[in-house]
Amino acid sequence: MATVAGPSSLLRWEEEFTRVFQEHEFADPVTRELAAMRAQFPALLLPAEDHDLFVGRLRYPLAGFLPEPDGIEAGFYCQRESLEALLADESLGDADHEAARGLLRFWEGRSTREVVRSRFPAWVAERLPSDLFLDDVGVAYPLYRMAGMQLDLYRLLQLGVPGLRAAVADRLAATGGDEAGKRFCEGCLGVLDLFCEVLQDNASYFEDRAASTRDPARAGELMQMALVLSRLPNEAPWDLRSAIQLFWLYNQLAGSLNMGRMDEYLGDFLVEDLDSGRLTEERAVELLVSLWHLIVSIGNEFNCRVILGGRGRRNPENADRFALLAMEAHLRVREHIPQLSLRFYEGQNPALMKRALDLIGEGCTFPILYNDDVSIPAAAAAMGISESEAVHYLPFGCGEYMLNHRNNATPNGIVNTCKALELALRDGVDPLGGCQRCPSTGSPASWSTFDELWKAYTRQVEYFLDALAAHQRLEFDVVGEQANYLLASMLHDGCLERGRGLFCGGLEHLDGTMESYGDVNTADSLTALKRLVFDERRYTLEEVVAACDADWQGYEPMREALLAAPKFGNDDPEADAMRIAVHEHVCRYTRGLAKPNGLRYYLVVVINNKNNVIQGQATGATPDGRRRGDAFANANNPAPGNDRSGVTAFLSSLAGVPNDCHAGMVQNMKFSREMFTHNRPKLELLLETYWQLGGAQAMITVLGRQDLENAMREPENYGHLMVRVGGFSARFVDLEPEVQREILERTLY
């Protein structure tokens with residue numbers, strides 16, 4: 001294992017990977033992938049730190065091969081922005097600058113992102129920006145990643161490496177004349193050989209470290225780590241420690257950023273160790289705390305999901321015992337990741353929900369709560385599958401759903417519905433840039449009914465959704481041509497049986513998702529326009545557009561009138577009906593694009609990953625009274641300050657938005673500490689009512705407004721303060737000022 005010393009050392013790995021890629025650029029995909037993985041594995045692994053009980057700290061090279069290295073690219077990638085930053089680093093010498101320039105030159109046009117982009121049909125390229133959404137202002141943006149891989153970790157731990165190797169060998173023997181299947185199986189065996197080399201190399205490394213360590217206790221831990229690593233190439237896991245080590249290292253090297261149903265695949269190991277006396281509960285928590293620290297070291301706050309609870313687990317009693325200890329480990333670590341999530345249902349062990357609420361009340365922001373009694377039938381309806389299949393839904397990333405080791409529903413597009421409304425009100429012209437972004441949908445001066453406005457708005461949205469769906473399928477095709485993702489494919493249903501990689505025909509179905517932002521502000525804007533322009537005739541559309549273009553300067557009375565119009569989040573029938581109309585339009589139109597693009601399903605996810613702030617900055621003032629550049633409402637939540645009718649009305653509005661047409665919808669709630677202490681029975685009753693009304697999910701932050709204000713003034717004293725941003729949590733003091741202000745303005749109950 002090599003120790004990485006700094007930027008100049010990092011580039012040596014990137015240069016070696018690039019040399020290997022260049023040597024195998026035109027080889028068959030399996031040969032190229034194996035060569036890439038062999039070059040990359042040493043670059044991924046970092047030495048264990050003094051308190052670690054497991055191997056598996058990783059860094060992502062600035063050029064490499066992974067399904068989702070940084071949430072921006074998939075497959076063969078080059079992090080151009082990071083390399084360009086190195087060029088600006090004057091502390092590096094000429095040789096390092098030249099290495100960075102050489103990497104940038106070589107990878108131009110070769111990364112998966114750029115290959116996908118080069119193959120856009122003209123009509124798709126016309127509708128989507130030429131690069132990442134941060135570099136342009138538009139309505140829709142493509143993303144380039146294979147996000148959310150969920151491996152069959154239960155199968156991995158039951159088979160171990162020897163059992164997995166035997167399964168591949170059996171498939172290889174049955175391939176007959178299927179040359180592609182034969183090559184796939186040979187590649188799987190090759191990558192398992194490489195994985196075993198990593199295990200053995202690390203075993204030797206820790207033996208050496210143990211011999212040179214003066215602390216007897218630490219030397220003993222290092223020898224135990226070495227023993228586990230040395231046995232895993234030839235044995236299936238035999239206890240909790242070996243199971244954690246195998247799942248963690250395999251999952252990380254396969255490029256998966258999420259950990260799936262951990263209580264299911266580790267619960268039996270835990271209980272067997274506890275009941276046999278090999279392990280105490282305290283020692284088990286220590287092992288989980290060490291695992292939690294490894295997850296924290298990934299540093300990806302948008303992923304790192306650990307799922308507990310829910311229907312469909314093989315041994316719920318053992319899984320529940322693990323889940324309770326996992327929550328104890330989370331309380332001790334108190335970090336913004338892993339994104340601990342609790343699925344629950346009527347009849348589940350009540351101790352899990354009780355402990356979950358205890359953690360949330362302590363300010364952990366976790367677990368995120370998912371109501372299986374609503375989510376399973378909703379996922380079945382949205383995905384077009386049976387409820388027996390939908391029981392395997394898993395939240396990942398910022399709140400998207402996929403099916404555990406059965407598909408890859410990566411969200412590879414973004415649409416800003418508020419921007420679409422902005423264009424519809426200006427006949428396709430962007431007021432921030434003055435350019436024509438889409439075809440004309442008619443002059444607002446000619447519209448006499450709200451239906452005409454609605455048709456123009458929906459046509460704008462649909463114009464861009466068509467391009468995003470085409471991009472989604474094209475990216476699957478390109479990624480499938482480039483690589484098999486051998487480690488991940490072996491642990492996805494169907495791939496080994498078909499002798500094909502994930503995106504090369506291994507998965508029975510290709511599924512996709514798309515992120516929608518601005519929906520609540522769009523709905524509130526349409527409600528205000530319908531009432532004040534078309535129903536009451538107090539203003540014309542031209543007058544409202546002029547006021548928005550002026551960012552309300554000189555139009556303050558009009559803004560007050562628009563702000564006073566019904567708003568989502570108050571259990572108001574008019575406002576909530578418009579919210580549902582906007583939601584159902586974007587969701588159902590998107591769903592209808594699946595079949596024409598060769599997908600089983602293509603669904604909207606209503607999540608948030610700071611994009612309500614980013615997209616708000618790219619959008620002018622809107623008819624709901626929002627000012628130019630202000631953040632949008634967060635996911636399926638009222639715009640800050642607009643929920644003025646109390647917590648019951650707030651929860652009723654959230655629960656009323658249909659769940660049967662999307663693949664995940666985020667609900668953020670901010671409660672005072674008193675609700676979790678003096679008013680805990682009232683809180684539990686509120687949540688129970690919300691679940692019964694159809695609430696599918698809740699992300700809860702517990703704190704006081706004063707805490708946030710103090711943290712903005714004295715960040716050095718509030719590093720412990722965790723908040724829910726959207727589909728993820730973060731340290732409040734680490735967030736951008738605009739995001740901090742948006743969180744501060746959310747209603748506190």
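In case you missed it, the structure is sitting above this.
Residues numbered from 1 in each chain as written. Predicted model: local features only at pLDDT ≥ 70, side-chain atom pairs only at ≥ 80, totals over all residues. Heavy atoms only, no water.

1. Considering the packing of helix H9 (residues 216-231) against helix H10 (residues 240-253)
Packing of H9 against H10 leaves a shortest axis separation of 10 Å and a crossing angle of 65°. Comparing the axis directions of H9 and H10 gives the class roughly perpendicular. Two packed elements cross with a definite hand, and for H9 against H10 that hand is right-handed. Contacts between H9 and H10 involve Glu 221, Gln 224, Met 225, Val 228 and Leu 229 from the former and Arg 241, Ser 242 and Gln 245 from the latter. Of the residues assigned to the contact of H9 with H10, the class counts are three nonpolar, three polar and two charged. (Axes fitted to C-alpha atoms, helices over the stretch in contact; angles between N-to-C directions. Helix = DSSP H or I, 4+ residues; strand = E, 2+ residues; numbered from the N terminus. Parallel < 35°, antiparallel > 145°, perpendicular 65-115°, else oblique. Left-handed = near helix turned anticlockwise from the far one by under 90°. Contact = heavy atoms within 4.5 Å. Nonpolar A, V, L, I, M, F, W, Y, C, P; charged D, E, K, R; others polar.)

2. With respect to the packing of aromatic side chains
If you walk through the whole model with that rule in mind, you get 21 aromatic pairs. Taken together, the ring pairs connect Phe 17, Phe 21, Phe 65, Phe 76, Phe 106, Trp 107, Phe 476, Tyr 485 and Phe 503 into an aromatic cluster. Its guanidinium or amino end placed over the ring of Phe 106, Arg 110 lies 4.0 Å from that ring's centre, counting from NZ or CZ. (Phe/Tyr/Trp six-rings, centres within 6.5 Å; stacked < 30°, edge-to-face > 60°. Lys NZ or Arg CZ within 6 Å of the ring centre and 35° of its normal.)

3. Structural notes on the packing of helix H17 (residues 417-424) against helix H22 (residues 519-535)
Helix packing geometry: the angle between the two helix axes and the distance between the axes. For the pair H17 and H22, the least separation of the axes is 7 Å and the interaxial angle reads 35°. Judged by residue contacts, Thr 417, Cys 418 and Leu 421 of H17 engage Asp 519, Asn 521, Thr 522, Ser 525 and Leu 526 from H22. Split by residue class, the contact of H17 with H22 holds three nonpolar, four polar and one charged.

4. Focus: empty space enclosed by the protein
The final tally for this structure, using the stated rule, is five cavities of 30 Å³ or more. Estimated volume of the second largest cavity: approximately 70 Å³. Leu 151, Asp 152, Leu 153, Tyr 154, Met 259, Gly 260, Arg 261, Glu 264, Tyr 265, Arg 314, Asn 404 and His 405 together form the lining of the second largest cavity. When grouped by side-chain class, the residues that make up the lining of the second largest cavity number five nonpolar, three polar and four charged. (1 Å grid on protein atoms, 1.4 Å probe; cavity = no way out; pocket = protein on both sides within 12 Å on 5 of 7 lines; lining within 4 Å. Points joined across faces, edges and corners; volume = space filled by probe spheres on them.)

5. Here's the deal with helix H2 (residues 29-44)
With 16 residues, H2 extends 21 Å from end C-alpha to end C-alpha; this agrees with the ideal 22 Å at 1.5 Å per step. If you look at H2, its biggest bend is around 25°, right at Arg 38, and the proline Pro 42 turns up within four residues after that. By the burial criterion, the buried members of H2 are Val 30, Arg 32, Glu 33, Ala 35, Ala 36, Met 37, Ala 39, Gln 40, Phe 41, Ala 43 and Leu 44. Sitting at the head of H2, Asp 28 places a side-chain oxygen 3.1 Å from the backbone nitrogen of Val 30. (Expected span 1.5 Å × (residues − 1). Bend = angle between axes of the 7 residues up to and from the residue. Buried < 20%, exposed > 50% of the residue type's maximum accessible area, 1.4 Å probe, protein only. Polar contact = N/O pair within 3.5 Å; in protein donor to acceptor, adjacent residues only side chain to side chain.)

6. Side note on the sheet that holds strand E5 (residues 140-142)
Strand order in the open sheet formed by five strands is E5-E11-E12-E13-E14, and the pairing between neighbours is mixed. Single-partner strands in this sheet number two, and they are E5 and strand E14 (662-665). Sheet twist, expressed as the average angle between the axes of neighbouring strands with direction ignored, equals 20°. Sheet topology places strand E13 (residues 601-606) next to E14; two bridges connect them, and they run parallel. Pairing of Val 606 across the sheet is with Met 665, part of E14. (Pairing = 2+ DSSP bridges.)

7. Things to note about unusual backbone geometry
Residues Ile 337 and Pro 338 are joined by a peptide bond in cis, for which omega reads 5°. Within the secondary structure, Pro 338 is located in the loop between helix H13 (316-333) and strand E7 (339-344). For the peptide bond that leads from Phe 366 to Pro 367, omega is 0°, which places it in the cis range. Along the chain, the position of Pro 367 falls in the loop between helix H14 (350-361) and strand E8 (368-371).

Purely spatial values, then, with no claim about function.
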